[in-house]
Every structure is written in structure tokens, then in C-alpha cells.
Amino acid sequence: MNRRQCLRLCAVSGITGWSGQALAHHGWSSFDQDRPLYLDGRAVEVRWRNPHAELVLELADGLTLPADLARRTIPAQSAPVDAVAVLSKATLPRRRDRRWNVELAPLFRLGQWQVGEVAVGTPLSVVGFGLRDERGEALLRAEYLFVDGKAYPLRSSPA
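Please read these numbers as outputs of a predicted model, since none were measured by experiment.

Cut-off values and rules
- Per chain, the residues get numbers from 1 upward, laid out in the order the sequence is written.
- pLDDT decides what is reported in this predicted model: residues at 70 or higher carry local features, side-chain atom pairs at 80 or more are listed and counted, and totals for whole chains, interfaces and linings draw on all residues regardless.
- Calculated side-chain values reflect all of the structure's heavy atoms, with hydrogen atoms and water omitted.
- What counts as a helix is a DSSP run of H or I of at least four residues, what counts as a strand is a run of E of at least two, and both are numbered from the N terminus.
- Relative accessibility under 20% of the residue-type maximum defines a buried residue, over 50% an exposed one, and the middle range a partly exposed one, all with a 1.4 Å probe and only protein chains included.
- Only the protein chains shown count as cover for residues, with accessible areas throughout obtained via the Shrake-Rupley method and a probe of 1.4 Å.
- In this analysis, rings of Phe, Tyr and Trp, with Trp reduced to its six-membered ring, are considered paired at centre separations within 6.5 Å, and the interplanar angle assigns stacked below 30 degrees, edge-to-face beyond 60, and tilted for intermediate values.
- Criterion for a charge above a ring: Arg CZ or Lys NZ at most 6 Å from the ring centre, at most 35 degrees from the ring normal.
- By this definition, two strands are paired if DSSP reports at least two bridges between them.
- A carboxyl oxygen of Asp or Glu within 4 Å of a side-chain nitrogen of Lys or Arg is what we treat as a salt bridge.

(A) Examining the overall build of the chain more closely. Along the chain, the regular secondary structure elements total 4 helices and 6 strands. Written out in order from the N terminus, the α and β elements of the chain read α-α-β-β-α-β-α-β-β-β. Per-residue burial for the chain yields a buried fraction of 43% across its 159 residues. Of the roughly 8600 Å² that the chain leaves accessible, carbon and sulfur atoms contribute 51%.

Structural data, given as C-alpha cells:
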């Protein structure tokens, strides 16, 4: 059952409040943290709200992995994440979906990094983790956001 089916079930059965949010929010265990994915395109929908900001990314034509991805400068964060290792392992998704749902960080954390609200039409790139075996919906939990020439680690706050 995917996220949309869970939400429909909650709506039909009259479940409200925290239970609906819990079903909509994915824990890390749903994602394949051994295979980071790289996506690049334009935001076509943006939901700037808690529990985390989300956007729909329409992929660029001819998506390719940037040669300099592993050498990009990433600001230090309080979580012990090896940015070079994650970026070095990044690959393109196997699935061919044109649009991906991207989960960013909670608004508080985005504010700590001084990430401005992403507007519809904004070009951006993300490296993150898709659902295991890329099954279910085209969903990516962003680890790194690249927008307006800046890199933002999203796992934790600035160091």
C-alpha cells in the first residue's frame, strides 16, 4: 500500500489527527540508504509545511550525473554524514518517471540552513534516497539540496 492509498483509507475511515500524519510521514527504514540517487529538474509543485517541506520535481530532459558531484563543497552539519561518500555513490534512478515527489527537511531545519522557500519553476538538484528497490511511488528523501548555486545538507543542523 502506498502513501496515497494509506491517506485515502484514513479519510474514508474517518481517522484524523496524528494518525494521518504518521502514515504520510516515512521513516528512514523505507528508504534504500545504500544507493543514493541524483535528480535534477524544476519544481512544479511545492508544499512548504511541516512535518517536512515537499516538492514535485519534474526531471530535466537527458538527465545525467554531473562529473563534479563528489567534489562539490558541502557545509558541515551536526550529523556524522560522509558527504563525499554519499555523493560518490550517487547514481541515476532506474525507473523512468518524469516527476518525483521529494521530501525535504522540516521547516525549522530549512530555516537553520537559511533555505528560502522554493518557488514553482525553480531549477534544483537533489541527492537522496528512494524507496527500496525503487518500488511504489517515485519518492526521494533528500539528503542534499542544490539550489541557486548553494548546497544544503538536510540530515541535521549546521555544525
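Next comes the rest of the write-up.
(B) Focus on the packing of aromatic side chains. Evaluation of the coordinates by the stated rule reveals 0 aromatic pairs. When the ring centre of phenylalanine 146 is taken as origin, the NZ or CZ atom of arginine 72, which lies over that ring, is 4.8 Å away.

(C) Layout of the pairing of strand 3 (residues 99–103). In terms of residue burial, strand 3 counts as a mostly covered element, since 4 of its 5 residues are buried. Looking at chain direction, strand 2 (residues 54–59) and strand 3 are connected through 5 bridges and run antiparallel. Residue pairing for strand 3: glutamate 54 is matched across the bridge by glutamate 103. Bridge analysis of strand 3 against strand 5 (residues 139–147) gives 3 bridges, and the strand direction is parallel. Looking at strand 5, one finds that valine 102 is bridged to leucine 140.

(D) Looking closely at unusual backbone geometry. With an omega of 15°, the peptide bond between asparagine 50 and proline 51 qualifies as cis. Position of proline 51 relative to the elements: it lies in the loop between strand 1 (31–47) and strand 2. We note that aspartate 133 has phi near 55°; this positive angle belongs to a residue other than glycine. Within the fold, aspartate 133 resides in the loop between strand 4 (123–131) and strand 5. Owing to a relative accessible area of 49%, aspartate 133 belongs among the partly exposed residues under this scheme.

(E) Spotlight on the pairing of strand 5. By the criterion of burial, strand 5 is predominantly enclosed, with 9 of the 9 residues buried. In the sheet, strand 4 pairs with strand 5 via 7 bridges, with the strands oriented antiparallel. Across the sheet, residue valine 127 finds its bridge partner in strand 5, namely tyrosine 144. The sheet contact formed by strand 5 and strand 6 (residues 150–153) spans 4 bridges and is antiparallel. Following the sheet pairing, tyrosine 144 is matched in strand 6 by proline 153. Counting the residues in the hairpin turn of strand 5 and strand 6 gives 2 residues, including aspartate 148, whose phi is positive at 55°.

(F) View of the pattern of salt bridges. Following the criterion strictly, the structure yields 9 salt bridges and no others. Measuring nitrogen to oxygen at the nearest pair gives 2.9 Å for the salt bridge that ties aspartate 61 to arginine 98. Of this pair, aspartate 61 sits in the loop between strand 2 and helix 3 (83–89) while arginine 98 sits in the loop between helix 3 and strand 3, and the two are 37 residues apart along the sequence. Given the relative accessible area of 65%, aspartate 61 is considered exposed. Taking relative accessible area as the criterion, arginine 98 reaches 39% and is therefore assigned partly exposed. Residue glutamate 143 pairs with arginine 155 through a salt bridge whose shortest N-O separation is 2.9 Å. Here glutamate 143 is found in strand 5, whereas its partner arginine 155 is found in the segment after strand 6, with 12 residues between them in sequence. Looking at glutamate 143, the relative accessible area reads 0%, which means it is buried. A single network of salt bridges, built from pairs that share partners, joins Glu45, Arg47 and Glu54.

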